[in-house]
Amino acid sequence: MERDASRGRRSPTPATGVARFDFEIYDEESLSDSTPVHDATTEEDVGHIEDEDIEDAEGHDVHVGEANEEDQGDEDEEEHEEAPFDASAVGLKEISNLASFTVSSYKPGCGVKELKDDDVNQFWQSDGPQPHRLNIHFIKRVEIRALRLYLDYELDESYTPTKIQVTAGFSPNFTIPYTMMELNMPKGWIDVPIAGAGGGPDGNSLCCWFVRIIVLENHQNGKDTHIRGIKVYALDDTADTAENNPIEDMVDAFNEYEDRMELMNIHDHDEAAMLRLEEKKKERKAHARKYVPGDGGLSIPDFMREPEIR
């Protein structure tokens, strides 16, 4: 009985001598002609799954699209971290060196030295009943422009302040309440509101000799408190900022000299020439250029600045 020739015929072996699919030999068109797998998920099924609510391991309803948005939001927050504060860029200088710091209580190794350290992993920890006090006594009258505290709820939890009162005045025995701050899980540098205090040339500085920071309450009704850093800033009158640039003074001096020389050449009764000179001054003032620090290569050398107590 003869066997079917077609059934006994074997397919030829590829030239490479390997009896398997070689994607370098078989092109995409030949593979696309093969029968599709019925278990594969189509695009319509994927879209249907994304729109459905699924349950996680704990049995809570989770929407796939919302979960993806939350993950994307977390990534954006990590990318946009808080930039370091550059005091010189905004015309400020730190004046913590002009003050003595005292606290109402502290644990050994967690006192004023650790509080003033630039390392935020060190902190002041109180060791006594509430309220906890941090006193800042300056050697002279200062105009505080910024007062910043570093708090971290994720590390300190119940040690983190939730209500802080700031008082200021002439001495420890003569202070008045300035502001009350209520915080909710703070993390990072917290600015005490100073704007509108009434001091300084624009009314946005706090003028005093003494500042007291009082911690009234902590998160989770904690007893002791942690403050990981403190910075005090004042206006730097000698900083090379857009408002205090020596090149502007030089330009004004040249313009005044030209005006005086032109005025000397005008006859006393030439009112038309006087009016033209006044119009020229007004137009120049209206279109005056605002120079930025470094323009013209001019800056105030250190030996010409006012002496500072360091």
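Residues numbered from 1 in each chain as written. Predicted model: local features only at pLDDT ≥ 70, side-chain atom pairs only at ≥ 80, totals over all residues. Heavy atoms only, no water.

When you look at the nonpolar core in this model, what are you seeing that I'm missing?
The nonpolar side chains of a soluble globular protein tend to be buried with one another. Ranked by size, the top nonpolar core spans 32 residues in total, and within it Ile-136, Phe-138, Ile-144, Val-211, Ile-213 and Ile-230 carry the most contacts. For this core, the secondary structure elements donating two or more residues are strand 4 (99-103), strand 6 (132-152), strand 7 (161-171), strand 10 (206-218) and strand 12 (229-235). Among the elements that line this core, the one with the most residues is strand 6, at eight residues. When near neighbours in sequence (up to four residues on either side) are disregarded, Phe-138 contacts Ile-95, Leu-98, Ala-99, Ile-144, Trp-209, Val-211 and Val-232. (Core = buried A, V, L, I, M, F, W, Y, C linked by side-chain atoms within 4.5 Å. Buried < 20%, exposed > 50% of the residue type's maximum accessible area, 1.4 Å probe, protein only. Helix = DSSP H or I, 4+ residues; strand = E, 2+ residues; numbered from the N terminus. Contact = heavy atoms within 4.5 Å.)

Before we go on, may I ask you to explain the packing of aromatic side chains in this structure?
To describe a pair of aromatic rings, you give the distance between the ring centres and the angle between the ring planes. Scanning the entire structure with this criterion turns up three aromatic pairs. Between the aromatic rings of Phe-170 and Phe-174, the centroid separation amounts to 5.5 Å while the plane-to-plane angle is 40°, which identifies the pairing as tilted. Of the two residues, Phe-170 and Phe-174, both sit in the exposed class. Among the aromatic residues, those joined into a ring-pair cluster are Phe-170, Phe-174 and Trp-209. (Phe/Tyr/Trp six-rings, centres within 6.5 Å; stacked < 30°, edge-to-face > 60°.)

Before we go on, may I ask you to explain the side chain of Thr-167 in this structure?
Structurally, Thr-167 can be placed in strand 7. On the basis of relative accessible area, Thr-167 is assigned to the buried category, the value being 5%. Once you skip the residues sitting within four places of it in the chain, Thr-167 turns out to touch Thr-175, Ile-176, Pro-177, Tyr-178, Phe-210, Val-211, Arg-212 and Ile-214.

Sorry if this is basic, but what is going on with the pattern of salt bridges here?
If the charged atoms of two oppositely charged side chains come close together, the side chains can form a pair. Counted under the stated rule, the structure contains eleven salt bridges. Measuring nitrogen to oxygen at the nearest pair gives 3.3 Å for the salt bridge that ties Asp-152 to Lys-187. Here the residue Asp-152 occupies a position in strand 6, and Lys-187 occupies one in strand 9 (residues 187-191), the gap between them amounting to 35 residues. We classify Lys-187 as partly exposed; its relative accessible area is 49%. (Salt bridge = Lys/Arg side-chain N within 4 Å of Asp/Glu carboxyl O.)

How should the pairing of strand 12 be read in this particular structure?
Consecutive residues of a regular strand have side chains that alternate between opposite faces of the sheet. Among the seven residues of strand 12, six are classified as buried, and the element is accordingly described as predominantly covered. In terms of strand pairing, strand 6 meets strand 12 through six bridges, oriented antiparallel. The residue bridging Tyr-150 from the neighbouring strand is Gly-229, located in strand 12. (Pairing = 2+ DSSP bridges.)

Even after reading the chapter, I still don't get the pairing of strand 7, so can you show me in this structure?
With eight of eleven residues buried, strand 7 is to be regarded as a mostly interior element. The pairing of strand 7 with strand 10 spans eight bridges and is classified as antiparallel. Considered in strand 10, the bridge of Ala-168 is made with Val-211. Relative to strand 8 (residues 174-182), strand 7 is paired through eight bridges, and the arrangement is antiparallel. Considered in strand 8, the bridge of Thr-167 is made with Pro-177. Where strand 7 hands over to strand 8, the hairpin turn is made up of two residues, counted between the paired strands.

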